[in-house]
Amino acid sequence: MYCKKECIAMLLAGGQGSRLYDLTKQTAKPAVTFGGKYKIIDFPLSNCINSGIDTVGVLTQYQPLALNEYIGNGEPWDLDRTRGGLSVLPPYQGNKSSDWYKGTANAIYQNINFIKQYDPEYVLILSGDHIYRMDYAKMLEQHKKTGAVCTVATITVPIEEASRFGICNTNPDNSIYEFEEKPKAPKNNQASMGIYIFNAKVLFEYLEADEADENSSNDFGKNIIPNLLNNGEKLFAYKFSGYWKDVGTISSLWEANMDLIGEDPILNMSDKTFRIFSRNTARPPQYLGKNSHVENSLISEGCRIYGTVINSVLSGGVIVEEGAIIKDSVVMEDVVVRCGGKIYTAIVDSDVVVEQGAVIGKLDADKSEIAVVAKGSVITADASANN
């Protein structure tokens with residue numbers, strides 16, 4: 001059935017997330033828990049529906065089981081639709097060959113037929129591992145006004161960190177004259193956010209040419225964007241000024257969680273005008289015991305707190321026994337901290353048991369010393385985890 005859409009989104013959610021170490025050994029990075037009740041992928045999916053984009057292809061690859069189960073039919077994000085909605089797009093075997101996704105551009109290329117069935121004018125390319133709120137409709141409006149064939153969302157980063165990103169060098173009117181992928185000596189600090197809007201026909205043309213190039217890395221930042229510029233195509237930067245965090249490292253994931261707490265948090269999830277939706281696990285309300293002490297923390301549904309929690313984010317079902325302490329930490333689902341157990345400056349994955357007298361992390365450690373505990377671990381007093 002023909003179903004034309006002006007703009008559809010393609011969400012790249014197949015990354016391994018190796019810099020998150022134990023947190024992604026069994027789980028794709030977009031399915032990692034964030035902020036107590038969310039997954040990282042909730043942010044781009046919520047951004048899409050809040051921006052009026054109701055057709056989203058989610059490209060999965062690495063450890064997809066938990067991610068596929070969480071996404072389901074897209075109902076939490078109002079993407080369970082007969083025409084459009086959410087579609088999970090893993091690599092597949094065709095008549096000629098079968099391949100894992102070799103790069104970001106190749107992943108989109110392998111799903112050109114999915115895109116074409118909606119006959120879109122524009123294609124929005126997204127990453128599934130960033131924390132941010134963005135109205136993509138405003139970016140699309142600028143794209144149309146400038147007459148660009150491609151618009152790249154950018155954000156200002158500290159100049160000392162600019163070499164970690166693709167950098168857009170722009171003219172005063174925000175047209176892009178040069179794109180440098182992770183330059184050693186960046187000329188400015190306008191970093192690509194990995195968010196692109198393409199005119200669909202131009203995207204198809206360049207993806208097909210890139211696929212035919214045996215020397216290509218099949219990557220948007222390394223190949224597609226530079227090829228567009230080399231051919232004199234019109235590219236513009238869309239400068240974004242809101243909160244955005246690439247949570248691809250332990251320290252950045254911990255920092256982003258810490259940004260949620262406080263009376264006036266840096267990232268305020270209470271904004272009802274632009275909600276972030278998630279799948280409801282239907283847990284009972286949290287319980288705080290009469291001797292519990294909770295300070296400056298987020299406590300999710302199903303938690304039972306009898307001990308002390310300070311400056312921390314707790315996901316659903318966490319049990320903190322009397323005499324246990326959690327401080328400056330991110331604790332994921334169904335963790336149990338026994339009496340006398342202590343968690344300091346750490347990220348603890350789900351289903352961990354911290355036995356009596358066990359200690360995870362170091363008190364008042366800095367972000368370079370964040371302890372990480374893998375899913376399902378049992379930490380005893382004799383084998384306490386400091387990293």
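(A) Summary view of the packing of aromatic side chains. Counting across every chain of the model gives 9 aromatic pairs. Here Phe165 and Trp244 contribute two aromatic rings whose centre-to-centre distance is 6.1 Å and whose plane-to-plane angle is 55°, an arrangement assigned as tilted. Residue Phe165 is found in the loop between strand S8 (150-156) and strand S9 (166-170), and its partner Trp244 is found in strand S13 (residues 244-246); the two are separated by 79 residues along the sequence. Like Phe165, the residue Trp244 is buried in the burial classification. Summarising the aromatic geometry, the rings of Phe198 and Phe220 are spaced 5.6 Å apart at their centres and angled 40° between planes, so their arrangement reads as tilted. Placement of Phe198 in strand S11 (residues 190-199) and of Phe220 in helix H7 (residues 220-230) is noted, with a sequence separation of 22 residues between them. The pair Phe198 / Phe220 is uniform in exposure class, with both members buried. The ring of Tyr38 carries Lys37 above its face, with NZ or CZ at 5.9 Å from the centroid. Stacked on the ring of Phe204, the Lys or Arg Lys116 has its end atom at 5.2 Å from the ring centre.

(B) Structural detail: the environment of Pro120. Turning to its location among the elements, Pro120 is positioned in the loop between helix H4 (112-116) and strand S6 (122-127). In sequence terms Pro120 and Lys5 are 115 residues apart; their C-alpha atoms lie 5.1 Å from each other.

(C) Main features of the pattern of salt bridges. For the structure shown, the criterion picks out 20 salt bridges. For the salt bridge of Glu161 with Arg164, the shortest nitrogen-to-oxygen distance reads 3.5 Å. On the accessibility criterion, Arg164 (40% relative accessible area) is partly exposed. Overlapping salt bridges, with partners in common, bring together Lys5, Asp54, Asp78 and Arg81 in one network.

(D) Looking closely at the environment of Lys222. Take Lys222: it is sitting in helix H7. Along the chain, Lys222 and Thr281 lie 59 residues apart, while their C-alpha atoms are 40 Å from each other.

(E) Region of the structure containing the side chain of Asp219. Within the secondary structure layout, Asp219 lies in the loop between helix H6 (200-212) and H7. For Asp219, which is buried and forms no salt bridge, the nearest opposite charge comes from Lys222, at a distance of 5.8 Å. A polar side-chain atom of Asp219 sits 3.3 Å from a polar atom in the side chain of Thr104. A distance of 2.9 Å separates a polar atom in the side chain of Asp219 from the backbone nitrogen of Gly221. Setting aside anything within four residues of it in sequence, one finds Asp219 in contact with Thr104, Ala105 and Ile224.

(F) Structural context of the pairing of S8. Across the 7 residues that make up S8, a large majority, 6, are buried. As paired elements, S8 and S11 share 6 bridges and run antiparallel to each other. The residue of S11 that forms the bridge with Cys150 is Phe198. In this structure, S8 lies alongside strand S12 (residues 235-239), joined through 5 bridges in parallel fashion. Looking across to S12, one finds that Ala153 is bridged to Tyr238.

(G) Examining unusual backbone geometry more closely. Phi angles above zero are rare outside glycine, and Tyr21 is one such case at about 50°. Locating Tyr21 in the fold gives a position in the loop between strand S1 (7-12) and strand S2 (33-34). Residue classification places Tyr21 among the exposed residues on the basis of a relative accessible area of 57%. Of note, Asn218 is a non-glycine position whose phi angle comes to about 55°, a positive value. If you trace the backbone, Asn218 turns up in the loop between H6 and H7. Asn218 gets classed as buried once you look at its relative accessible area, which sits at 7%.

(H) Structural detail: the sheet that holds strand S24 (residues 342-344). Here 5 strands make up an open sheet; going across it, the order is S15-S18-S21-S24-S27 and the pairing parallel. In this open sheet, the two edge strands, each paired with only one partner strand, are strand S15 (293-295) and strand S27 (359-360). The pairing of strand S21 (residues 325-327) with S24 spans 3 bridges and is parallel. Its bridge partner being in S24, Ile325 is matched across the sheet by Lys342.

The rules we used
Residues numbered from 1 in each chain as written. Predicted model: local features only at pLDDT ≥ 70, side-chain atom pairs only at ≥ 80, totals over all residues. Heavy atoms only, no water. Phe/Tyr/Trp six-rings, centres within 6.5 Å; stacked < 30°, edge-to-face > 60°. Helix = DSSP H or I, 4+ residues; strand = E, 2+ residues; numbered from the N terminus. Buried < 20%, exposed > 50% of the residue type's maximum accessible area, 1.4 Å probe, protein only. Lys NZ or Arg CZ within 6 Å of the ring centre and 35° of its normal. Salt bridge = Lys/Arg side-chain N within 4 Å of Asp/Glu carboxyl O. Lys, Arg positive; Asp, Glu negative; His and termini not counted. Polar contact = N/O pair within 3.5 Å; in protein donor to acceptor, adjacent residues only side chain to side chain. Contact = heavy atoms within 4.5 Å. Pairing = 2+ DSSP bridges.

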